Amino acid sequence: MNLHYDLHTHSTASDGTLTPQELVTRAHEQGVDVLALTDHDTTEGLAEAAQAAAELGLQFVNGVEISVTWNGQLVHIVGLQVDPAHAPLREGLAALRARRDERAEEVARRLEKKCGIAGALAGARTHATGSVISRAHFARFLVEQGHGRDVREVFDRYLTPGKPGYVAMEWAALEDAVSWIRGAGGMAVIAHPARYKLTSTKLRRLLGDFKGCGGEGIEVVSGSHSRDECHAMLGHALRFGLLASCGSDYHGPVTPWVELGRLPALPQGCVPVWERWAAWNGAGAPQALAR
Ligand code: AMP
Ligand code: MN
Ligand code: MN
Ligand code: MN
């Protein structure tokens, strides 16, 4: 049987708009068989999602999406099948969340000083119900206040590099993020590689570094990849001997151009990340990966 996998999604534990339980329910309705919750810099939603998945008979994968700075560039590393109790992972993520809090204060200061927009921190916090504050929460506040038509427009106007509310930050080091994930028994996967808009030389350098520090997978199919980008990422997976993953990067009905359970199949020729999980799924509980 061909199972439907979605291995990259968000809940209210970070910047998604559905609770973990609502997310799992919607994934089930949309025909997803195997779902990973991969919130930004937190594993707080996993227990609720796992329980909802068990009730609905959906296979659930403990995941996370870690913010990394590589060569001055923001890169996201997804961890799949992680044990959220692993101390270095917990501590690493807690430090990133603290950095997010500091950044949020600075974003609000800049929006006030440069754009005359007051109350952005409190406004963004009304949208952030978990312990992670994200630019997405600021974007929702800015739309609510009429500073743009939608989230994409306010990102372009205020929240991207070079814009008044953008604050450059140093996130985790690539090797640290990979080592927290592997230490937690998980597999590290480069998220939506085409989104970084790197030249192919630079992307190859990133993938080489990633592989060199123990990274194992790459999102070939992503909600933010075009067909051509998917094809290009297949080439990179094969060249670097990386396993292929697929995920929508669903954030809830707030971004209606992405839906759960609507991903194309992984292209022929790649080795899916789940080929390495056969033993775990059979055993029912996540265990350390056979290396
Ligand atoms: P942060 O991790 O706090 O820097 O926020 C990044 C998040 O903002 C991403 O995970 C997306 O959810 C969202 N995001 C980033 N860029 C855009 C964009 N151009 N339009 C809409 N959402 C975006
Ligand atoms: Mn996000
Ligand atoms: Mn991401
Ligand atoms: Mn994501």
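Since this is a predicted model, take the numbers as computed values, not measurements.

### Focus on the coordination of the manganese ion (ligand 2)
Here the manganese ion (ligand 2) is held by Asp 15 (OD), His 40 (NE2) and His 251 (NE2), and the distances to it run 2.1 to 2.2 Å. If you look at the manganese ion (ligand 2) and the manganese ion (ligand 3), they sit 5.7 Å from each other. Of the two residues, Asp 15 sits in the loop between strand 1 (5-6) and helix 1 (20-29) while His 40 sits in the loop between strand 2 (34-37) and helix 2 (46-56), which places them 25 residues apart along the sequence. Of the two residues examined, Asp 15 and His 40, each falls in the buried class.

### Description of the sheet that holds strand 6 (residues 217-222)
What links the strands of a sheet is backbone hydrogen bonding, and the strands pair in either a parallel or an antiparallel sense. Across the sheet, which stays open at both edges, the seven strands sit in the order 1-2-3-4-5-6-7 with mixed pairing between neighbours. Edge positions in the sheet fall to strand 1 and strand 7 (243-247), since each has one partner strand and no second.

### A closer look at helix 9 (residues 227-240)
Given a rise of 1.5 Å per residue, 14 residues ought to cover 20 Å, and the 20 Å separating the end C-alpha atoms of helix 9 matches this to within 8%. Along helix 9, the residues classified as buried are Cys 230, Met 233, Leu 234, His 236, Ala 237 and Phe 240. The buried side chains of helix 9 occupy one side of the element, clustering within an arc of 165 degrees when seen end-on. Of the exposed residues in helix 9, the ones pointing more than 90 degrees away from its buried face are Arg 227, Asp 228, His 231 and Arg 239. Against the buried residues of helix 9 lie helix 8 (200-212) and strand 6. Positive backbone phi, approximately 60 degrees, marks Gly 241, located one or two places after helix 9.

### With respect to the nonpolar core
Core analysis: the largest hydrophobic core is formed by 54 residues, its most contacted members being Leu 7 and Ile 66. Setting aside residues up to four positions removed in sequence, Leu 7 forms contacts with Val 34, Ala 36, Thr 38, Val 61, Val 78, Leu 80, Ser 245, Cys 246, Gly 247, Val 273, Trp 274 and Trp 277. Core analysis: the next-biggest nonpolar cluster, separate from the first, contains 20 residues, Ala 104, Val 107, Leu 121 and Val 167 among them.

### Focus: the domain arrangement of the protein
Domains assigned within the protein are domain 1 (5-93 + 173-276) and domain 2 (94-159). Centre-to-centre, using C-alpha coordinates, domain 1 lies 24 Å away from domain 2. A combined buried area of about 1,300 Å² lies between domain 1 and domain 2, and 47% of that area is made up of carbon and sulfur atoms. Our count for the contact surface shared by domain 1 and domain 2 stands at one salt bridge. With its nearest N and O atoms 2.8 Å apart, the salt bridge here joins Asp 41 to Arg 100. Going through the elements one at a time, strand 3 (59-70) and helix 3 (87-115) are the ones with two or more residues in the side of domain 1 that touches domain 2. With four residues, the top contributor of residues to the side of domain 1 that touches domain 2 is helix 3.

### Some remarks on the coordination of the manganese ion (ligand 3)
Protein coordination at the manganese ion (ligand 3): the donors are Glu 65 (OE), His 76 (ND1) and His 192 (NE2), at 2.1 to 2.2 Å from the metal. Every donor residue of the manganese ion (ligand 3) comes from the same chain, spaced as E-x10-H-x115-H. Since its relative accessible area comes to 10%, His 76 is described here as buried.

### Re the site of ligand 1
All residues adjacent to ligand 1 are Asp 15, His 40, Arg 100, Arg 103, Ser 134, Arg 135, Val 151, Arg 152, Phe 155 and His 251. Ser 134 places a side-chain nitrogen or oxygen 3.2 Å from an oxygen atom of ligand 1. Between ligand 1 and Arg 135, the relevant distance is 2.8 Å, taken from an oxygen atom to a side-chain nitrogen or oxygen of the residue. When ligand 1 sits alone it has 490 Å² of accessible area, and the protein chains cover 82% of it. Taking a 2 Å distance to the grid points as the criterion, the majority of the atoms of ligand 1 fall inside the largest pocket. Elements supplying a minimum of two residues to the shell around ligand 1: helix 3 and helix 6 (151-159).

### Some points on the pairing of strand 2
Side chains Val 34 and Ala 36 project from strand 2 onto one buried face, and the interleaved Leu 35 and Leu 37 project onto a second face that is buried too. Sheet topology places strand 1 next to strand 2; two bridges connect them, and they run parallel. Directly across from Tyr 5, in strand 2, lies its bridge partner Val 34. Handedness of the strand 1-helix 1-strand 2 crossover: right-handed. In this structure, strand 2 lies alongside strand 3, joined through four bridges in parallel fashion. When the sheet's bridge partners are listed, Val 34 is paired in strand 3 with Gln 59.

### Let's talk about the packing of helix 4 (residues 120-127) against helix 5 (residues 135-144)
A packed helix pair is summarised by two numbers, namely the angle formed by the two axes and the spacing between the axes. Two elements in contact, helix 4 and helix 5, have axes separated by 8 Å at closest approach and are oriented at 110 degrees. For the element pair helix 4 / helix 5, the angle class is roughly perpendicular. Along its contact with helix 4, which presents Ala 120, Leu 121, Gly 123, Ala 124 and His 127, the element helix 5 presents His 137, Phe 138, Arg 140, Phe 141 and Glu 144. Tallied by class, the residues present in the contact of helix 4 with helix 5 amount to five nonpolar, three polar and two charged.

Cut-offs applied
- Residues numbered from 1 in each chain as written.
- Chains lettered and ligands numbered in written order.
- Predicted model: local features only at pLDDT ≥ 70, side-chain atom pairs only at ≥ 80, totals over all residues.
- Heavy atoms only, no water.
- Donors = N, O, S within 2.8 Å, 3.2 Å for Na, K, Ca; no water.
- Helix = DSSP H or I, 4+ residues; strand = E, 2+ residues; numbered from the N terminus.
- Buried < 20%, exposed > 50% of the residue type's maximum accessible area, 1.4 Å probe, protein only.
- Pairing = 2+ DSSP bridges.
- Expected span 1.5 Å × (residues − 1).
- Arc of directions from axis to C-beta.
- Contact = heavy atoms within 4.5 Å.
- Core = buried A, V, L, I, M, F, W, Y, C linked by side-chain atoms within 4.5 Å.
- Domains from an automatic or database assignment.
- Buried area = accessible area lost by both parts, 1.4 Å probe.
- Salt bridge = Lys/Arg side-chain N within 4 Å of Asp/Glu carboxyl O.
- Near = heavy atom within 4 Å.
- Polar contact = N/O pair within 3.5 Å; in protein donor to acceptor, adjacent residues only side chain to side chain.
- Areas by Shrake-Rupley, 256 points an atom, 1.4 Å probe, with all protein chains shown as cover.
- 1 Å grid on protein atoms, 1.4 Å probe; cavity = no way out; pocket = protein on both sides within 12 Å on 5 of 7 lines; lining within 4 Å.
- Sits in = over half its atoms within 2 Å of the grid points.
- Right-handed = clockwise from strand over helix to strand, strands pointing away.
- Axes fitted to C-alpha atoms, helices over the stretch in contact; angles between N-to-C directions.
- Parallel < 35°, antiparallel > 145°, perpendicular 65-115°, else oblique.
- Nonpolar A, V, L, I, M, F, W, Y, C, P; charged D, E, K, R; others polar.

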